[in-house]
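Spelled out from the first residue to the last, the chains are:
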Amino acid sequence: MYKVIERRMIVPNLHEFTVQAPAVAESIKPGNFIIVRPDQYGERIPLSVADWDRDAGTVTTIFMQVGGSTAMLARLKPGDAIPTFVGPLGKETAIDTFGTVLCVGGCYGIGSIYPIARALKQAGNKVYTLLEARSSFLLYWEDKLAKVSDQVLVITRDGTKGRKGHIDKIPEIMQRAGITPDLVIVNGCTFQMMRVSMVTKPLAWKTIVNMNPIMIDGTGMCGVCRLSVGGKTKFACVDGPDFDGHEIDWEEFLSRRKSYNPEEVDPLRRSSCRSHF
Amino acid sequence: MADEKPEKKKLDLSRRAMPKQNPWERIKNFDEVALGYLTRTAVEEASRCLQCKKPLCNQGCPVGIDIGGFIKCIVDGDYASAIRKIKETNALPAICGRVCPQEEQCEKTCVLAKKEAPIAIGRLERFLADWEAAEGKIEVPPMAPKTGKKVAIVGAGPAGVTVANDLIILGHDVTIFEALHECGGVLIYGIPEFRLPKAIVNREVEYVKSLGVKIYTDFVVGKTKTVDRLLEEFDAIFVGSGAGLPWFMEIPGENLNGVYSANEYLTRVNLMKGFRFPEFKTPVKRPCRVAVVGGGNVAMDSARTAVRLGADEVHLVYRRSKAELPARAEEVENAEEEGVILDILTLPVRLIGDENRWVREIECLKMELGEPDASGRRKPIPIEGSNFRVAFDAVVMAIGNSPNPLIPMTTPGLEISKKGGIVTNPETARSSRPNIWAGGDIVRGAATVISAMGDGKIAAASMHKYLMNQE
């Protein structure tokens, strides 16, 4: 069993979740994910890692409450124990001295882009971090990210903070600031990663995305996480989760990701609303 | 009269049948299909054994069980000695009695096989294991004094558990690292409940634990810690990390929704208990018309699972003829009894989806059999222009898998085959690195439970020699 150190909602629907897992903390790297099971009946849920403390043996993730299983995670309290917290899984994000790197984060990806930005900064890159949210109240960890970035840029859909608009504005924002990134790394929802890849493709800005398909074992056995990259079938759990965003068949990926939506939402209808908070 | 020769025992060629759940009942549940021998039937079956002076049956057993010996004990009514005899060489009798392909092994070499009535060795093995469990007194074998040597085992599947059993008895300190949240490997995630109840797998794993084997679940060797990191703490490592990525046919449409690998389909149902959704939270679809592509035991398991999940029609699509089906005859028979339709000499060439990217049809070619190929089976040849389309709303690809990539990817200096498996010396199961052994699917690709256990036996013997400096 793994002890829950912290679980709190940091912005509506997004939870910061810290678990005691020394063996995982010892080997985890930016871009890895872990798999968690909230109880003995629960699904195996893959979550990108957002931070860790090797000395304390803890690992932190940010997750969004979507369906029944994440609702169970969202009910955990410090001191509770969960049966599975396994990792690190997937290949880590390739960290090197690239020059100027643009890190883009949205949703839970604002959390998981943090260790990537930190490692890139340590490797001597110029790091720009761009966060996107629907509104300013959905932003978090700006202070943490500011410490590991040369500059933090913000886009909000409603203009309550930073530039008003959509993630599509990235090229415009970057050009206005006079920055041409050597590499773009995106962690966020599928739609955001797809949009960024689409706008950076004509500019030939190499774009790495951290894919988040449905998974079961997460160790290279079941094959549910497959996606088409450059016309070839790849398995996100062992070949990824990082891939070249310009090579991915996004339409296929989006539809595969949605294939269990009815079953995911169904358990919510069966339980009382109150229990989710 | 004293000088009269004893009457020659008349051959009893009536192989005793094992009771099964009726097909019309069992398609509505996930309970075990075969019900096992009653004591009386077991003794009758055992009494048919000729007790050959030079038995051939045990030569057909990958782990070399003293088959004649344990059968003799059954005839004598001494079941405790019988099960003890099996456990001398096989730690998992309840499992092997159920899932070993005996017709290809011990029962094939049984002398009575010539009369088409080999002794039902598997059923007797199962009878004894279940008898022991029902008695509730699981005997622990004599243990050698502690050697102080530490062994790590990667994967709590049939290979790993066999190595653990053999080495702990020899006095070594044994720790198993299992990636999933439950032990058993393919016995848990792959083979369905109706063929091998999970309670039985858990029972056998508990037995090995009771011998003192330590097991860590949720520990992915290669990721949580690498093999080399473990070698800082352990004297030797056995890698039984099992199956890896599923193979697909590489035809258009395989990434449509509703197309599953057998690994995914079976893992959802068996390990994650999707058939009990929403009590268990992992969903599994319940489509109406299911096509399973392939002809092995995994294909049969997938098809029979689809039947139990309520499909109206389940087809098994196979490119050769019925005679070439690699699945056990017993499983083919069970599947047919349960209504699975065999579409033989049929090759899928394309999967066709709807506007929402869900699979709706398969386009196939008819095949005919040509000359024997490298495998000795007649080669299927497509009949040109025979294309036809059939409606399906789910397709399960059960055409095999490669060895798991995690250990090969993260262990430098390990010789890896073209197919991605760890290369071992078949006589010792040792890899190209002197303190790493391997066996089961990580070496062979998709093989059987008993061959994995056979590898485990060979590895354990070689590891013991190494650990005791007897090489």
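Each chain carries its own residue numbering, running from 1 in the direction its sequence is written. Labels follow written order: the first chain is A, the first ligand is 1, and so on. At least 70 in pLDDT is required for a residue's local features to be given in this predicted model, at least 80 for side-chain atom pairs to be given and counted, and no such filter applies to totals for whole chains, interfaces and linings, which use all residues.

The numbering of helices and of strands both runs from the N terminus, where a helix is a DSSP run of H or I of at least 4 residues and a strand a run of E of at least 2. Within chain B, the regular secondary structure consists of 17 helices and 16 strands. With respect to the three principal axes, the spread of C-alpha positions in chain B is 75 × 70 × 50 Å. In this scheme the burial state of a residue depends on its C-beta neighbours within 10 Å: 20 or more other such atoms mean buried, 12 or fewer mean exposed, and anything in between means partly exposed; the C-beta positions come from the backbone. Residue burial in chain B is summarised as follows: out of 471 residues, 53% are buried. Once local pairs closer than 6 in sequence are excluded, the contacts in chain B between residues at least 24 apart make up 69%. We call two residues in contact if the C-beta atoms placed from their backbones are at most 7 Å apart.

A word on the overall build of chain A. Counting secondary structure elements, chain A contains nine helices and 16 strands. Taken over C-alpha atoms, the radius of gyration is set against a globule rule of 2.2 Å times the number of residues to the power 0.38. Computed over its C-alpha atoms, the radius of gyration of chain A comes to 18 Å, within 12% of the 19 Å expected for a compact globule of 277 residues. Projected onto its principal axes, the C-alpha positions of chain A cover 50 × 40 × 35 Å. Residue burial in chain A is summarised as follows: out of 277 residues, 49% are buried. Taking contacts inside chain A between residues at least 6 apart in sequence as the whole, the part at least 24 apart equals 64%.

All names here are of chain B. Taken in spatial order, the five strands of this open sheet run 3-2-1-4-16, and their pairing is parallel. What marks the edges here is a single partner per strand, and that holds for strand 3 (214-216) and strand 16 (436-438). Between one strand axis and the next, the sheet turns by 20° as a mean value, whatever way the strands run. At least two bridges found by DSSP between two strands are what make those strands a pair. In this sheet, strand 16 lies alongside strand 4 (residues 236-239) in parallel orientation, the contact comprising three bridges. Paired with V239 across the two strands is A438, which belongs to strand 16. Under this scheme, a helix contributes an axis fitted over its contacting stretch, all axes are lines through C-alpha atoms, and angles between N-to-C directions fall in the 0 to 180 degree range. Running over the sheet, helix 17 (residues 449-467) touches strand 1 (150-154), strand 4 and strand 16 and is turned about 170° from strand 4.

For the rest of this paragraph, the subject is the packing of helix 2 (residues 39-47) of chain B against helix 7 (residues 121-135) of chain B. Residues and elements named next belong to chain B. Between helix 2 and helix 7, whose axes approach to 10 Å, the crossing angle comes to 140°. Between helix 2 and helix 7, the angle is such that the two are oblique. Here helix 2 runs over helix 7; the crossing is left-handed. Seen from helix 2, the contacting residues are A42, E45 and A46; seen from helix 7, they are R123, L124 and F127. Oblique is the label for any angle not under 35 degrees, not over 145, and not in the 65 to 115 range, which are roughly parallel, roughly antiparallel and roughly perpendicular in turn. Each helix crossing is assigned a hand: it is left-handed if the near helix lies turned anticlockwise from the far helix by less than a right angle, otherwise right-handed if that turn is clockwise.

All names here are of chain B. The end-to-end C-alpha separation of helix 13 (residues 297-308) is 16 Å, in line with the 16 Å expected for twelve residues at 1.5 Å each. For helix 13, the secondary structure elements touched by its buried residues are helix 12 (262-269), strand 7 (289-293), strand 8 (313-317), helix 14 (329-337) and strand 14 (394-397). Two residues or fewer past helix 13, G310 is found with a positive phi of approximately 95°. In this analysis, the expected span of each helix is defined as 1.5 Å times one less than the number of residues it contains.

For the rest of this paragraph, the subject is the interface of chain A and chain B. At the interface, 38 residues of chain A touch 33 residues of chain B. When residues of the side of chain A that touches chain B are assigned to their parent elements, the largest contribution, six residues, is made by strand 7 (residues 84-89) of chain A. Classification used: nonpolar for Ala, Val, Leu, Ile, Met, Phe, Trp, Tyr, Cys and Pro, charged for Asp, Glu, Lys and Arg, polar for all others including Gly. A class-by-class count of the residues in the side of chain A that touches chain B yields 16 nonpolar, 13 polar and nine charged.

This part is about the nonpolar core. If you look at the biggest cluster of nonpolar residues, it comprises 220 residues, and the most contacted ones within it are I34 of chain A together with F238, V292, V395 and V396 of chain B. Looking at this core element by element, the count peaks at nine residues for helix 17 of chain B. We call a set of buried Ala, Val, Leu, Ile, Met, Phe, Trp, Tyr and Cys residues a nonpolar core when their C-beta atoms link them within 7 Å.

A few words on the sheet that holds strand 8 of chain B. As a general point, the strands of a sheet are linked pairwise by backbone hydrogen bonds and lie either parallel or antiparallel. All names here are of chain B. Ordered by their spatial adjacency, five strands build an open sheet running 6-14-7-8-9, and the pairing between neighbours is parallel. Looking at strand neighbours, the two that pair on one side only are strand 6 (259-261) and strand 9 (341-343), the edges of this open sheet. This sheet shows a mean twist of 25° between the axes of neighbouring strands, independent of strand direction. With five bridges connecting them, strand 7 and strand 8 associate as parallel partners. If you follow A291 over to strand 8, its bridge partner there is H315. Along the sheet, helix 12 makes contact with strand 6 and strand 14, crossing strand 6 at roughly 85°.

Now for the domain arrangement of chain A. Residues and elements named next belong to chain A. Here the limits of each domain have been adopted from an automatic or database domain assignment. Segmenting chain A into domains produces domain 1 (2-89) and domain 2 (100-257). Taken over C-alpha atoms, the centre of domain 1 sits 21 Å from the centre of domain 2. The interface of domain 1 with domain 2 comprises 18 residues on the first partner and 20 residues on the second. Sorting the residues of the side of domain 1 that touches domain 2 by element identifies strand 1 (2-11), strand 3 (33-37), strand 4 (45-53) and strand 5 (58-64) as the ones contributing at least two each. It is strand 4 that provides the largest number of residues to the side of domain 1 that touches domain 2, a total of five residues. Of the residues in the side of domain 1 that touches domain 2, the class split is 14 nonpolar, two polar and two charged.

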